[in-house]
Amino acid sequence: MEREILLTGIGGQSIQLGAQILARAAVHEDRHVMLLGTYGGTMRGGSTEASLVVGDAPLSSPPIVSHVWSALAMHHRYWDGVVRKLRPGGVVLLNSTLFEAEVDREHYRVFDVPATRVAGELGSPLAACLVLIGAFVSLSGLLGADALVAGMRDSVPPYRRQHLEANEKALRAGFELGPRGAASAWREEAA
């Protein structure tokens, strides 16, 4: 079984780091994974998107996917392109602190996560994406919390090691937001 995940937001919201953490966490759990990050011509403020495919066997989907099982949106600015890729019944996590677009809650399983607010309360406002992916892992069961932390530790470069503790707190805070198992990634009926 394969699960496609699309992370989207504005440059500077750690979308690429969040996708890399998910990919490395999948490797820690002996899952198969492919990742492709894309972004606009600007580092901050432009569009940023990452496609991730995680499976329990060798993958057949390329990391460039036309339809996805789930989407994590840090901001509404580039949502229109993402929603067109979502399968009916797809899992959507919204950073409800910033997300202002309308989402069809009848066609998708939508979960509001106040990621930016929670990260700010933890004293790490730049870790909002980590809160969001922690919540995603909790509600989907895609990966375990410990693998997610290990993936983060593998992804943070040596010159950013001072952020490890705060990043772990953000991941675990998101994981606690749950709701655990509400949108299971690995049950057959989740297809």
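Residues numbered from 1 in each chain as written. Predicted model: local features only at pLDDT ≥ 70, side-chain atom pairs only at ≥ 80, totals over all residues. Heavy atoms only, no water.

Our next topic: the overall build of the chain. In terms of helices and strands, the chain carries six helices and six strands. Starting at the N terminus, the α and β elements of the chain follow one another as β-α-β-β-β-α-β-β-α-α-α-α. Expected size for 191 residues packed as a compact globule is a radius of gyration near 16 Å; at 15 Å, the chain falls within 12% of this value. Across its three principal axes, the chain shows a C-alpha extent of roughly 40 × 35 × 35 Å. In the chain, which comprises 191 residues, the share counted as buried stands at 50%. Restricting to contacts in the chain with at least 6 residues of sequence separation, those with at least 24 account for 61%. As displayed, the chain has an accessible area near 8800 Å², and 51% of this comes from carbon and sulfur atoms. Distance from the positive charge centre (18 side chains) to the negative charge centre (20 side chains) of the chain: 5 Å. (Helix = DSSP H or I, 4+ residues; strand = E, 2+ residues; numbered from the N terminus. Rg over C-alpha atoms; globule rule 2.2 N^0.38 Å. Buried < 20%, exposed > 50% of the residue type's maximum accessible area, 1.4 Å probe, protein only. Contact = heavy atoms within 4.5 Å. Areas by Shrake-Rupley, 256 points an atom, 1.4 Å probe, with all protein chains shown as cover. Lys, Arg positive; Asp, Glu negative; His and termini not counted. Charge placed at Lys NZ, Arg CZ, Asp CG, Glu CD.)

Right, let's get into the sheet that holds strand E4 (residues 68-73). Across the sheet, six strands lie side by side as E2-E3-E1-E4-E5-E6; this open sheet has mixed pairing. The open sheet has two edge strands, strand E2 (32-39) and strand E6 (109-113), and neither has a second partner. Between one strand axis and the next, the sheet turns by 15° as a mean value, whatever way the strands run. The pairing of E4 with strand E5 (residues 86-95) spans five bridges and is parallel. (Pairing = 2+ DSSP bridges. Axes fitted to C-alpha atoms, helices over the stretch in contact; angles between N-to-C directions.)

On a regular strand, each side chain points to the face opposite its neighbour's, so the side chains alternate between the two faces of the sheet. The element strand E3 (residues 47-55) is largely enclosed, with a buried count of eight among its nine residues. In this structure, strand E1 (residues 2-10) lies alongside E3, joined through nine bridges in antiparallel fashion. Bridge pairing in E3 places Arg 3 opposite Val 54. Direction of pairing for E2 relative to E3: antiparallel, over a ladder of eight bridges. Looking at the pairing, Val 33 lines up with Val 54 of E3.

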